[in-house]
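Analysis of the macromolecular model
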Amino acid sequence: MDAFAPLPPEWTNKATHAYDFCCPNCHSSSLEAEKVWLNRRSPVLTEDRRRKWQEFYYCQCGSVWWAWSSDRPPKDISNQPDYNPT
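Residues numbered from 1 in each chain as written. Predicted model: local features only at pLDDT ≥ 70, side-chain atom pairs only at ≥ 80, totals over all residues. Heavy atoms only, no water.

1. A few points about the side chain of Ser63
Definition in use: Helical segments are the DSSP runs of H or I of at least four residues, strand segments are the runs of E of at least two, and each set is numbered from the N terminus. Summary of the burial criterion: residues with accessible area below 20% of their type's maximum are buried, those above 50% are exposed, and those between are partly exposed, where the area comes from a 1.4 Å probe applied to protein chains only. Any pair of N or O atoms that falls within 3.5 Å is considered a polar contact. Within protein, one atom must be able to donate a hydrogen and the other to accept it, and sequence-neighbouring residues count only if both atoms are side-chain atoms. For this analysis, residues touch if any pair of their heavy atoms sits within 4.5 Å.
Its place among the elements puts Ser63 in the loop between strand S3 (51-58) and strand S4 (64-68). Take Ser63: its relative accessible area is 19%, and that puts it in the buried class. There is a polar contact of 3.4 Å between the side chain of Ser63 and the side chain of Asn25. In this structure Ser63 touches Cys23, Asn25, Tyr57 and Tyr58, once residues within four positions along its chain are discounted.

2. A closer look at the pairing of strand S2 (residues 35-45)
Stated precisely, the cut-off is as follows: Pairing between two strands is assigned when DSSP locates at least 2 bridges connecting them.
Of the strand pairs in this sheet, S2 and S3 are connected by seven bridges, and their pairing is antiparallel. Note on S3: the bridge partner recorded for Trp37 is Phe56.

Shown next, in the form of structure tokens:
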């Protein structure tokens, strides 16, 4: 499974929008997902001209959800051991 594959995997077709950046069914975080795909072919520009993408997650509970990359909470990345902000 390539998270950066140009074409979406079939499982993304049943995704629902998660507004809290976690699985809407079991509330697991994106870090617990079994599969991930980033829709980098269709970025959206925000008001401050930053790009955001749809991130799709196949949860361990079997639910499929997506959220905007701009909605990702900082704690999902910053506490990882290899995180080096520039």
